[in-house]
Amino acid sequence: MYSSSLVRLFMISLVCIVIASCKTIEPQWFAVEGETMGSTYHIQYFGNENYQKDIDDLLKEINDAVSTYIPTSVISSFNASGYLVMPLAENGEVKNNLHKHFFANLEEAYDVFKLSDGYFDPTVGPLVEIWGFGKDGHQSEIPDSSEIDSLLMYIGLQQLDVRSGSDTIHIKAARKGIGLDFSALAQGYGSDKVFELLTSKGVHDLFVEITGEVRVAGKSPRGDDWIVGINVPEEGSDLKEIGARIRLHDASMATSGNYRNFYMLEGRKVWHTINPKTGYPEENSLLSATVVHPRCMTADALATACMALGVDEAIGLIRKVPAAKAYFIYRDVSGNIATFVSDNLTKDLLTE
């Protein structure tokens, strides 16, 4: 027979366990960071749990779909064979998650390819390689013009044939040697998918940045909108030197520029933006293109397209996309630094 004091002690312990199990974790700001896509990511959000493992698992999955540095990735397999079959589910959606990531990048790339009259082209990979910005690194001599001309026959997204059947999608390159490289939009896509992951878990206030491509929602830890800086587009400038700031509210921002990503070859600068029309590194007066858009993947692709187009044509491109806002830094005819700000961005641009 149990004593009454022992019974009371047991009941008190049971109540304490129940209370402890019902107690929710106090929401707090989390800051997680790591490495992905050959660079880094930095994420802040207000929530109840650290989701870094979920984030890392998702980013690994995306890399397994679209990284040209992984020999077994979907994109590497396509580039090797020039052919891909993607099974569809009964609802008509792509069944496999890796195929979903690959196809989402391909669809967006094609949209921006058409919008930019082909100046944004994910088949430009062979030219990127021969100019020293691919897996093999910088070149020791300028490519011969005949080499450039021979590669141009492999450039052009229109050379991919995409056909959808009742239960599959078939993607076929017009000739062997045509390949895809989503590096100009995959980072933005990664930011979008991490954003979707966190919001699906009930997170409302968050900042996602992958290799400089940003997507935000809600409030910052200060309690107001997120403010993201734009680097001064000068060679040798400190990464912390900010030329302007943009206030973001439930939006994405991507910046592309040539002023840091170049190297010297035979006494000349070789810029990383390759013109898919000519096969040569693009040299124009545009130093930096920043694009704001609801989706980070779209902002990322548009910013790259703008750098290939140059100032005037880039302004025309942005005006074709009502949801896009732009901030360009360029050199005017006198060689002085000048800026272009789209009308719909003016109120969110902070220059002091």
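Since the model is a prediction, treat every value here as computed from it, not as a measurement.

1. Some details on the sheet that holds strand β1 (residues 28-36)
Ordered by their spatial adjacency, eight strands build an open sheet running β1-β2-β6-β7-β10-β13-β14-β15, and the pairing between neighbours is antiparallel. The open sheet has two free edges, formed respectively by β1 and β15 (337-341), since each of these has just one partner strand. Geometrically, the sheet is characterised by an average inter-axis angle of 10° between neighbouring strands, direction not taken into account. Here β1 runs beside strand β2 (residues 39-47); their pairing, made up of nine bridges, is antiparallel. Bridging across to β2, Q28 finds its partner in G47.

2. What about a negative patch on the surface?
A surface patch of negative charge is lined by E141, D144, E147 and D149. In this fold, E141 is placed in the loop between α5 (125-130) and α6 (145-152). Using a relative accessible area of 53% as the deciding quantity, one classes E141 as exposed.

3. Description of unusual backbone geometry
The backbone phi angle of M37 is positive, close to 50°, even though this residue is not glycine. Relative to the helices and strands, M37 is located in the loop between β1 and β2. Notably, D250 is not glycine yet its phi reads approximately 50°, a positive angle. Of note, D250 is situated in the loop between β9 (242-248) and β10 (252-257).

4. A closer look at the packing of aromatic side chains
Aromatic rings in a pair are described by how distant their centres are and how their planes are angled relative to each other. One pass over the full model with this rule turns up nine aromatic pairs. Aromatic side chains F78 and F102 sit 6.2 Å apart centroid to centroid with 50° between the ring planes, which places their arrangement in the tilted category. On the criterion of sequence distance, the pair formed by F78 in helix α3 (residues 74-81) and F102 in helix α4 (residues 97-115) is long-range, its members being 24 residues apart. Of the two residues, F78 and F102, both sit in the buried class. Relative to F113, the ring of Y110 lies with its centre 6.1 Å away and its plane at 20°, an arrangement referred to as stacked. Taken together, the residues Y110 and F113, both in helix α4 and three residues apart, mark about one turn of the helix.

5. Quick notes on the nonpolar core
One finds F102, I171, F182, L198 and F328 to be the most contacted residues of the largest nonpolar core, which totals 73 residues. With nine residues, helix α8 (residues 296-309) is the single largest residue contributor to this core. Sequence-distant contacts of I171, defined by excluding residues within four places in its chain, comprise F78, G82, Y83, L84, M86, F102, F103, L106, L160, D161 and V162. F207, L248, M253 and Y327 belong to the second-largest nonpolar core, a separate cluster that totals 17 residues.

6. Structural notes on α4
Its 19 residues place the ends of α4 27 Å apart at the C-alpha level, agreeing with the 27 Å of an ideal helix rising 1.5 Å per residue. Among all positions of α4, only H99, H101, F102, F103, N105, L106, E108, A109, V112 and F113 are buried. Regarding α4, its N-cap is N96, as a side-chain oxygen of that residue lies 2.7 Å from the backbone nitrogen of L98 further along. Just downstream of α4 lies D117, where phi reads positive at about 55°.

Calculation rules
Chains are numbered independently. Their residues run from 1 in the order of the written sequence. Predicted model: local features are reported for residues with pLDDT of at least 70 only, side-chain atom pairs are reported and counted for 80 or more only, and whole-chain, interface and lining totals are derived from all residues. Hydrogens and waters are ignored; side-chain quantities use all the structure's heavy atoms. When DSSP finds two or more bridges between two strands, those strands count as paired. Here a strand is any run of E in DSSP of at least two residues, a helix any run of H or I of at least four, and the numbering for each starts at the N terminus. The convention used is that axes are lines fitted to C-alpha atoms, helices contributing only their stretch in contact, and that angles between N-to-C directions extend from 0 to 180 degrees. Exposure above 30% relative accessible area and no salt bridge define the residues that can form patches, which grow by joining like charges within 9 Å and nonpolar side chains of Val, Leu, Ile, Met, Phe, Trp and Tyr within 5 Å. Using a 1.4 Å probe, accessible areas were evaluated by the Shrake-Rupley method; residue-level cover was limited to the displayed protein chains. The term salt bridge refers to a pairing of a side-chain nitrogen on Lys or Arg with a carboxyl oxygen on Asp or Glu at a separation within 4 Å. Working convention for charge: Lys and Arg count positive, Asp and Glu count negative, and His plus the chain ends are omitted. Charge positions come from single atoms, namely NZ of Lys, CZ of Arg, CG of Asp or CD of Glu. Throughout, exposure labels follow a simple rule: accessible area from a 1.4 Å probe, protein chains only, divided by the maximum for the residue type, with under 20% read as buried, over 50% as exposed, and the rest as partly exposed. Under the pairing criterion, centres of Phe, Tyr and Trp rings, with the six-membered ring standing for Trp, must be within 6.5 Å; the plane angle then separates stacked pairs below 30 degrees from edge-to-face pairs above 60, leaving the rest tilted. Residues belong to one nonpolar core when they are buried, are Ala, Val, Leu, Ile, Met, Phe, Trp, Tyr or Cys, and are joined through side-chain atoms within 4.5 Å. Residues are treated as being in contact if the distance between any of their heavy atoms lies within 4.5 Å. Expected span of a helix: the number of residues minus one, times 1.5 Å. Polar contact criterion, stated in full: a pair of N or O atoms within 3.5 Å, where within protein one must be able to donate a hydrogen and the other to accept it, and residues adjacent in sequence count only if both atoms are side-chain atoms.

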